[in-house]
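Here's the letter readout for the chains.
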Amino acid sequence: MRPTYSSILGHAERIAARAAATLVEMQGGALAANRKELRDIVTQADLASERIVIEGLRAATPDAGILSEEAGILGPQGGKRWIVDPLDGTINYAAGLPWFSVTMAYQEDGVTRAGIVDAPLARLKATFEDGAPPRINDQEARVSAITSLSDAVVSVVLTSHFSPREVARSAEIIRRLGEAARGVRIIVSGGLEMCLVASAKLDAFVSIKADIVSHAAAMPILRGAGGRITRLDGSEAGDDDAERVASNGHLHAELLACLKGI
């Protein structure tokens with residue numbers, strides 16, 4: 001019998017819970033870290049969480065390929081596949097901060113049909129299954145009702161793997177929002193941040209160097225909660241787009257106008 005999206009999501013929730021519990025347990029200990037791009041790192045915890053996720057997904061859905069942050073492409077990618085980030089927010093995690101998550105998206109023919117973002121220390125678990133409203137902490141997800149950027153709290157990504165040009169662009173985004181928004185925050189855990197918009201904790205989120213593994217699960221959660229996700233030019237953002245301007249939808253046009261030309 002073909003598994004339903006609900007059963008697939010159930011598998012993902014259990015696997016994510018095990019990975020998240022391992023991350024919480026390991027965060028208090030010594031973490032060996034290796035450098036990646038520029039000043040970015042990968043830790044033992046990234047790899048431990050990834051092992052749990054990959055082994056669990058292979059057992060639950062043996063016919064699906066996997067695209068993972070550290071392991072890369074595993075198995076076929078054309079039909080059914082999982083897109084996972086076993087530790088989204090590694091720099092936060094390694095510093096002892098609570099802003100990190102396990103993210104997992106199940107896709108069929110390039111469309112996300114089920115997904116989860118489990119951020120254990122932020123006390124947020126967001127889930128999505130095709131045909132049902134997204135849920136955050138067992139409640140239906142709903143974006144904020146904020147309609148003006150002057151009343152909004154916006155998070156912006158500025159992180160260690162940015163080139164000098166990307167740092168300059170992000171700094172200009174922060175400068176403009178600093179003059180227009182109620183508050184600007186730098187959290188740098190994209191899946192978590194999108195879900196904070198979906199749960200009305202943030203009003204918008206901006207990244208100019210997004211990746212598919214961090215956001216594939218969160219994008220349908222935010223859109224299903226009433227939000228909007230575009231590129232800086234206003235076109236709808238897909239999984240492979242580097243630019244992500246995500247908001248509650250109500251202030252999206254004003255947000256894009258504020259960032260025009262960056």
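Here's what I pulled together on the structure shown here. (Residues numbered from 1 in each chain as written. Predicted model: local features only at pLDDT ≥ 70, side-chain atom pairs only at ≥ 80, totals over all residues. Heavy atoms only, no water.)

**Thoughts on the overall build of the protein**
Next up, step 1: Scanning the protein from N- to C-terminus turns up eight helices and 15 strands.
Next up, step 2: Seen along its three principal axes, the alpha-carbon backbone of the protein occupies a region of about 50 × 40 × 30 Å.
Next up, step 3: Within the protein, the proportion of its 262 residues that are buried is 54%.
Next up, step 4: Contacts spanning at least 24 positions in sequence make up 61% of the contacts within the protein whose residues lie at least 6 apart. (Helix = DSSP H or I, 4+ residues; strand = E, 2+ residues; numbered from the N terminus. Buried < 20%, exposed > 50% of the residue type's maximum accessible area, 1.4 Å probe, protein only. Contact = heavy atoms within 4.5 Å.)

**Things to note about helix α5 (residues 190-198)**
Next up, step 1: Counting buried residues along α5, nine of its nine residues qualify, which places the element largely inside the surrounding structure.
Next up, step 2: Every buried residue belonging to α5 is among G190, G191, L192, E193, M194, C195, L196, V197 and A198, and all of these are buried.
Next up, step 3: A200, located one to two residues past α5, shows a positive phi value of around 70°.

**Remarks on the pattern of salt bridges**
Next up, step 1: Applying the stated criterion across every chain yields a total of 14 salt bridges.
Next up, step 2: Its salt-bridge partner being K209, residue E166 comes within 3.4 Å of it at the nearest N-O pair. Of the two residues, E166 sits in helix α4 (residues 164-180) while K209 sits in the loop between β13 (204-207) and α6 (212-215), which places them 43 residues apart along the sequence.
Next up, step 3: With relative accessibility at 17%, the residue E166 sits in the buried group.
Next up, step 4: Note that E243 and R169 form a salt bridge whose closest N and O atoms lie 3.4 Å from each other. Taken together, the residues E243 in the loop between β14 (228-230) and β15 (244-247) and R169 in helix α4 connect sequence positions 74 residues apart. Taken individually, E243 and R169 each receive the classification buried, so the pair is uniform in this respect.
Next up, step 5: Taken together, the shared-partner salt bridges in this structure form one network comprising E172, R175, R176 and E179. (Salt bridge = Lys/Arg side-chain N within 4 Å of Asp/Glu carboxyl O.)

**Digging into the sheet that holds strand β6 (residues 101-108)**
Next up, step 1: Strand order in the open sheet formed by eight strands is β4-β3-β5-β6-β7-β8-β9-β10, and the pairing between neighbours is mixed. Both outer strands of the open sheet, β4 (72-74) and β10 (139-140), are each paired with one neighbouring strand and no more.
Next up, step 2: Judged from the four bridges that link them, strand β3 (residues 65-68) and strand β5 (residues 80-88) form a sheet pairing that is parallel. Each residue of the ladder has a partner; that of I66, found in β5, is W82.
Next up, step 3: Where helix α1 (residues 5-27) meets the sheet, it contacts β5, β6, β7 (111-119) and β8 (124-129), and its direction lies at approximately 30° from that of β7. (Pairing = 2+ DSSP bridges. Axes fitted to C-alpha atoms, helices over the stretch in contact; angles between N-to-C directions.)

**What to know about the pairing of β6**
Next up, step 1: Counting buried positions along β6 yields eight of eight residues, so the element is predominantly enclosed.
Next up, step 2: Side chains S101, T103, A105 and Q107 of β6 all project onto a buried face; the interleaved residues V102, M104, Y106 and E108 project onto the opposite face, where all are buried too.
Next up, step 3: As paired strands, β5 and β6 are joined by seven bridges and run antiparallel to one another. Across the sheet, V84 pairs through a bridge with M104, a residue of β6.

**Brief notes about the sheet that holds strand β12 (residues 183-185)**
Strands in a sheet are paired, the pairing made by backbone hydrogen bonds, and the direction either parallel or antiparallel.
Next up, step 1: Pairing is mixed across the open sheet formed by five strands, whose spatial order is β12-β11-β13-β15-β14. In this open sheet, the two edge strands, each paired with only one partner strand, are β12 and β14. Direction aside, neighbouring strands of the sheet carry axes that sit 15° apart on average.
Next up, step 2: In the sheet, β14 pairs with β15 via three bridges, with the strands oriented antiparallel. Across the sheet, residue R228 finds its bridge partner in β15, namely S247.

**Regarding the nonpolar core**
Next up, step 1: If you look at the biggest cluster of nonpolar residues, it comprises 52 residues, and the most contacted ones within it are L177 and L259.
Next up, step 2: If you tally residues by element for this core, the top one is α5, at six residues.
Next up, step 3: Setting aside residues no more than four positions away along its own chain, L259 makes contact with I173, R176, L177, V206 and L232.
Next up, step 4: Counting residues in hydrophobic clusters, the runner-up holds 26 residues, among them L9, I54, Y93 and Y106. (Core = buried A, V, L, I, M, F, W, Y, C linked by side-chain atoms within 4.5 Å.)

**What to know about the pairing of β15**
Next up, step 1: On β15, burial covers both faces: R244 and A246 on one face and V245 and S247 on the other are all buried.
Next up, step 2: In this sheet, β15 lies alongside β13 in antiparallel orientation, the contact comprising four bridges. Bridged to S207 within β15 is R244.

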